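Chain by chain, the residues:
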Amino acid sequence: MSGFSPELIDYLEGKISFEEFERRREERKSRERKDGESVHTEENTYDPDAPSTSGRGSGKSQSRSETEGETTDGVSKSVHRVFASMLGENEDEEEEEEEEEEEDEETSEQPTAGDVFVLEMVLNRETKKMMKEKRPRSKLPRALRGLMGEANIRFARGEHEEAILMCMEIIRQAPLAYEPFSTLAMIYEDQGDMEKSLQFELIAAHLNPSDTEEWVRLAEMSLEQDNIKQAIFCYSKALKYDPTNVRYLWERSSLYEQMGDHKMAMDGYRRILNLLSPFDGERFMQLARDMAKSYYEANDVTSAIEIMEEAFTKHHSLISMEDINIAAELYISNKQYDKAMAVITDFSGIVVSKKVTEQGPSEENKDMKDVVAVVEIQESQVAVIDYQDFPAESSTVSEDKVSCSIPDGVPIDITVKLMVCLVHLNILEPLRPLLTTLVEQNPEDMGDLYLDVAEAFLDVGEYNSALPLLSALVCSERYNLAVVWLRHAECLKALGYMERAAESYAKVVDLAPLHLDARISLSTLQQQLGRPEKALEALEPMYDPDTLAQDANAAQQELKLLLHRSTLLYSQGKMYGYVDTLLTMLAMLLKVAMNRAQVCLISSSKSGERHLYLMKVSRDKISDNDDQETANCDAKAIFAVLTSVLTKDDWWNLLLKAIYSLCDLSRYEEAELLVDSSLEYYSFYDDRQKRKELEYFGLSAAILDKNFRKGYNYIRIMLMENVNKPQLWNIFNQVTMHSQDVRHHRFCLRLMLKNPDNHALCVLNGHNAFVSGSFKHALGQYVQAFRTNPDEPLYSLCIGLTFIHMASQKYVLKRHALLVQGFSFLHRYLGLRGPCQESFYNLGRGLHQLGLVHMAIHYYQKALELPPLVLEGIEADQTDLRRDVAFNLSLIYQSSGNLRMVQKLLHTHGIV
């Protein structure tokens, strides 16, 4: 098979479809055509009918074979003629060709002008004959026709293998000939391999495309193998050469309908309508009805109306009551009530008349005149008349009466559609007798007509007229449906019957538990009636979590219900239930983000009632990767639906409400987990402003939860971005002070290298060094801060305490100098701070540490005599140092043995 094209090999091996084979073959041919333009003259030197391998011999061998009566492949010309006769060749044409060859051999002399003229005439006749010939010319070279005949004979004898080999050899040498493919198809069909037979038949039909019957047969074979797409392709090929064949169009359109391609099917049916003759009216009308129904089911009412209008225009004499009913229904669904009424009155025999009482200026013109409005049809076009405005002559109109005359035999369906049009056109006078006729019908049989009229009354606000019809329907057995009860409830609610409307809405919820609007309306009514518990009961969740995780529409409905439920719970002050609904909604949005943050939503009754709680879970409890990928795909589809209900800003506000509510309920840990999950949600994280706000929420929740280690992670990132904000440094100091961790030491040192002039970093590094016992390093940092702001009492206090601690060490040089410098800074601190509890207490504590207790007692007693400082925002008890002073004094008196003084001090200042 080395001589076969690649696309043919792929198609025969089943790797590509026939449509792909045809496309690739056309591309290859176009490339070869472009490449072959340069060598076109060389190719013309060879015999086009000769095979590729043996047909390029020398001129001597050709002349020898002609004289010997044999072809180049060794087969005699007589055998060729026999096989040519089997293939349907014209023997007369061959005899003429032989005679012409003999004449050419005999007349080897130079031809005369007359001979040339005769030859041109013969060639002209042959050319015209070939152009008029309908039968496709074979592309099989004459040299291979004998082999083709031999293959057919082998097939007829049952020698399939030899026949297949011969056909394959012919295909190799003449790949554009359709005969070997057709023979192979018959061989495989005889062997029962219908799939291969169809493949070869398709190739044969492709090489001989003008045979429409062959394409139709291939389409039928494709349908037998349930290959509808290939059958459509075959019918399209047949229609290419026979575009007016109605049967082919019909079959292809039916197949398009099976494939779900409604547009292509309708286009095909439209072509059929255009091809039908004016005498084929019945078929035209039937097809128009079917097309209108199909368009209506596909919600394409405009196209359905166009089809029916075309049918009414071309064959108005064949219009039946069914056609009138269909056209009126289409117009009504498109809210074209005037056109619907025109169709009904034009073709059904119904007459709507208007009696006008005219009063002129003279007494002679006081008689009554009847003016009847008649709808006319001009040039087979439907005339549209405004039934709300019958024109009157120049006279004073005092009274108008509209009447309706319905002949016998008009179906009740058309009468009801007339009533619907009258209601919407505000022509209510003739409705009374028509309503009487409708009510006489049994609602069990005509319930749909009852509902149509009732809905028309509801649309125009005639609730009193609609209520009796709806009441009759809800009392019936057949039409005791949710949609009827819903209309009944809406009518009662509009009339102000709230109690009965609530009962009807409850019936709707019982019959259709997944009807969202009915649940919301029922909840609103129950709330208005003073039944908050029943209002909440109406808004119970409709779907289980598994359904919500897979069905996007269910998630959309559930989200709307939860929004209403959350508003109702918040208005009733039920905060735990309110938080439950908020967490449920956010879990729908943040499902994937919660998985990444290892957070899950659980139901627990740890507070006495069952509520939802956020908790941290381990990685092994999260679903595996395959399930996770599937869940992520479902979550993306659900996310698209959820964001269509609430915008990004709405979801952000919902998140803030959840965080605030959790903090109000002192559920700080859950607030932290919710912030963690939100930071994993890319829509919030990519928004820098929202990300920063979430980080602040996380920091606040961590501090309130006393999770200072996690708070340090938040404040550390904030400080790296805003190193000059004192508020952040104050929070950092509080976090590190309570965390009992020393991780921040290195962080402060590294940050100090990048920001050497930062005042807060300088002081904090001094504190860190002081706590670590590196007094010299601490002294250097404090002195740097002191030089920057020498009037700050804190820096003088820190330097003085550092000198005292250095002097208190066991091995130290110049202890006296250190003490003098230390107390010098402490007295400076006392001067800057002023006499108060704090300054005397700190000075006494320094003296107490050095063992100078007699001087320490002096400052401690001064501190006891002064009142505590009054600071804004801080209670006085928190700034009162008398308990601390009394305790230190009691230690001094206890060491000296003065126990009475100890008891007095503790009894006076140490009792809380």
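Caption draft 1: Main features of the overall build of the protein. Regarding its fold elements, the protein presents 48 helices and six strands. Relative to its full complement of 912 residues, the protein shows a buried share of 41%. Of all intrachain contacts in the protein linking residues separated by at least 6 positions in sequence, the fraction that spans at least 24 positions is 56%. Taken as a whole, the protein presents about 51100 Å² of accessible surface, with 50% of it coming from carbon and sulfur.

Caption draft 2: How the structure looks around the side chain of D676. Its location among the elements puts D676 in helix α34 (residues 668-679). On the accessibility criterion, D676 (15% relative accessible area) is buried. Only 2.4 Å separates the side chain of D676 from the side chain of K710, close enough to count as a polar contact.

Caption draft 3: Expanded view of helix α17 (residues 301-314). Taking 1.5 Å per residue, 14 residues should reach 20 Å; α17 reaches 20 Å between its end C-alpha atoms and fits that length. Taken together, the buried positions of α17 are V301, S303, A304, I305, I307, M308, A311 and F312. Tucked into the core, α17 has its buried residues touching α15 (262-275), α16 (281-297), α18 (321-333) and α19 (337-347).

Caption draft 4: Representation of the packing of aromatic side chains in the model. Evaluation of the coordinates by the stated rule reveals 18 aromatic pairs. When the ring of Y660 is compared with that of F697, the centres are 5.6 Å apart and the planes differ by 75 degrees; the resulting orientation is edge-to-face. Placement of the pair is Y660 in helix α33 (residues 648-664) and F697 in helix α36 (residues 688-704), with a sequence separation of 37 residues. Assessed through its relative accessible area of 14%, F697 is described here as buried. Aromatic rings pair up to connect W652, Y681, Y682 and F684 into one cluster. Across the ring face of Y497, the terminal group of R500 is positioned such that the distance to the ring centre comes to 5.5 Å.

Caption draft 5: How the structure looks around the environment of L779. The residue L779 is located in helix α41 (residues 775-788) in this model. What makes L779 buried here is its relative accessible area of 15%. In the structure, L779 is positioned 27 residues away from M806 in sequence and 9.9 Å away in space, judged by C-alpha atoms. When neighbours within four sequence positions are excluded, L779 is seen to be in contact with I799, T802, F803 and M806.

Caption draft 6: Broad picture of α15. For α15, spanning 14 residues, the distance from its first C-alpha to its last is 20 Å, which sits close to the expected 20 Å at 1.5 Å a residue. Among all positions in α15, only A265, M266, G268, Y269, I272 and L273 are buried. Buried residues of α15, seen end-on, are gathered within an arc of 155 degrees and therefore sit on one face of the element. Structural note: α15 exposes K263 and N274 on the side pointing more than 90 degrees away from its buried face. Where α15 is buried, its residues meet α14 (246-259), α16 and α17.

Caption draft 7: Spatial organisation of the environment of H767. Structurally, the position occupied by H767 is in helix α40 (residues 759-772). The spacing of H767 and H777 is ten residues in sequence and 9.8 Å in space, taken between C-alpha atoms. Beyond its immediate chain neighbours, meaning those up to four positions away, H767 contacts Y782 and C798.

Caption draft 8: The pattern of salt bridges, seen in detail. The full count for this structure, using the stated rule, is 25 salt bridges. Residue E214 is joined to R217 by a salt bridge in which the shortest nitrogen-to-oxygen separation is 3.0 Å. Within this pair, E214 and its partner R217 are both found in helix α12 (residues 212-224), separated by three residues, close to a single helical turn. Take E214: its relative accessible area is 17%, and that puts it in the buried class.

Caption draft 9: Structural view of the packing of α15 against α16. Running from N to C, α15 and α16 cross one another at 160 degrees; their axes reach a closest spacing of 11 Å. When the axes of α15 and α16 are compared, the pair comes out roughly antiparallel. Relative to α16, the crossing made by α15 is left-handed. Seen from α15, the contacting residues are H262, M266, Y269, R270, I272 and L273; seen from α16, they are F284, L287, A288, M291, S294 and Y295.

Caption draft 10: Inspection of the confidence of the model for the protein at higher detail. Across the protein, pLDDT averages 79, with 80% of residues at or above 70. Across residues 359-398, confidence stays below pLDDT 50; counting only partners more than four residues off in sequence or on other chains, it has 60 contacts.

Caption draft 11: Examining the environment of F708 more closely. Structurally, F708 can be placed in helix α37 (residues 708-721). Judged by relative accessible area, F708 falls into the buried class, the value being 14%. Along the backbone, F708 and H738 are 30 residues apart, and their C-alpha atoms lie at a distance of 6.8 Å. Excluding anything up to four places from it in sequence, F708 contacts A702, I703, V735, H738 and S739.

Caption draft 12: Focus on the nonpolar core. Within the largest apolar cluster, 103 residues are counted, with the highest numbers of intra-cluster contacts made by W215, L218, M291 and L330. Apart from the residues within four sequence positions on either side, M291 is in contact with M266, Y269, R270, L273 and I307. Grouped together as the second largest cluster of nonpolar side chains are 82 residues, V579, L654, A769 and A778 included.

Caption draft 13: Geometry of a nonpolar patch on the surface. Together, F887, L891 and L906 line one region of the surface with nonpolar side chains, adding up to about 250 Å² of accessible area. Within the secondary structure layout, L891 lies in helix α47 (residues 882-896). A relative accessible area of 36% means that L891 is categorised as partly exposed.

Caption draft 14: Seen up close, the packing of α16 against α18. Contact pair α16 / α18: the axes reach a minimum separation of 11 Å and the direction vectors enclose 25 degrees. In this view, α16 runs roughly parallel relative to α18, as classed from their interaxial angle. Seen along the crossing, α16 lies across α18 with a hand that is left-handed. On α18, the residues that touch M285, R289, A292, K293 and Y296 of α16 are E322, D323, I326, E329, L330 and S333. Residue composition of the contact of α16 with α18, by class: five nonpolar, one polar and five charged.

Caption draft 15: Expanded view of unusual backbone geometry. A positive phi angle, close to 60 degrees, is found at Q598, a residue other than glycine. With respect to the helices and strands, Q598 occurs in the loop between α31 (591-596) and β5 (599-604). Despite not being glycine, S666 shows a phi value in the positive range, around 60 degrees. Here S666 is to be found in the loop between α33 and α34. Residue S666 is classed as partly exposed on the basis of its relative accessible area, which comes to 48%.

Caption draft 16: Spatial organisation of the pairing of β5. Bridge count between β5 and strand β6 (residues 611-616): six bridges; the pairing is antiparallel. Counterpart to V599 in the pairing with β6 is K616. Counted along the chain from β5 to the antiparallel partner β6, the turn is six residues long, and its residue G608 has a positive phi close to 100 degrees.

Caption draft 17: Expanded view of the side chain of H744. For H744, the position within the fold is in helix α39 (residues 743-754). A polar contact of 3.5 Å, which involves the side chain of H744, links it to the side chain of H745. Those residues in contact with H744 that sit more than four places away from it in its chain are Y712, F732, T736 and N768.

Rules used in this analysis
Residues numbered from 1 in each chain as written. Predicted model: local features only at pLDDT ≥ 70, side-chain atom pairs only at ≥ 80, totals over all residues. Heavy atoms only, no water. Helix = DSSP H or I, 4+ residues; strand = E, 2+ residues; numbered from the N terminus. Buried < 20%, exposed > 50% of the residue type's maximum accessible area, 1.4 Å probe, protein only. Contact = heavy atoms within 4.5 Å. Areas by Shrake-Rupley, 256 points an atom, 1.4 Å probe, with all protein chains shown as cover. Polar contact = N/O pair within 3.5 Å; in protein donor to acceptor, adjacent residues only side chain to side chain. Expected span 1.5 Å × (residues − 1). Phe/Tyr/Trp six-rings, centres within 6.5 Å; stacked < 30°, edge-to-face > 60°. Lys NZ or Arg CZ within 6 Å of the ring centre and 35° of its normal. Arc of directions from axis to C-beta. Salt bridge = Lys/Arg side-chain N within 4 Å of Asp/Glu carboxyl O. Axes fitted to C-alpha atoms, helices over the stretch in contact; angles between N-to-C directions. Parallel < 35°, antiparallel > 145°, perpendicular 65-115°, else oblique. Left-handed = near helix turned anticlockwise from the far one by under 90°. pLDDT = per-residue confidence, 0-100. Core = buried A, V, L, I, M, F, W, Y, C linked by side-chain atoms within 4.5 Å. Patch = residues over 30% accessible without salt bridge, like charges linked within 9 Å, V, L, I, M, F, W, Y side chains within 5 Å. Nonpolar A, V, L, I, M, F, W, Y, C, P; charged D, E, K, R; others polar. Pairing = 2+ DSSP bridges.

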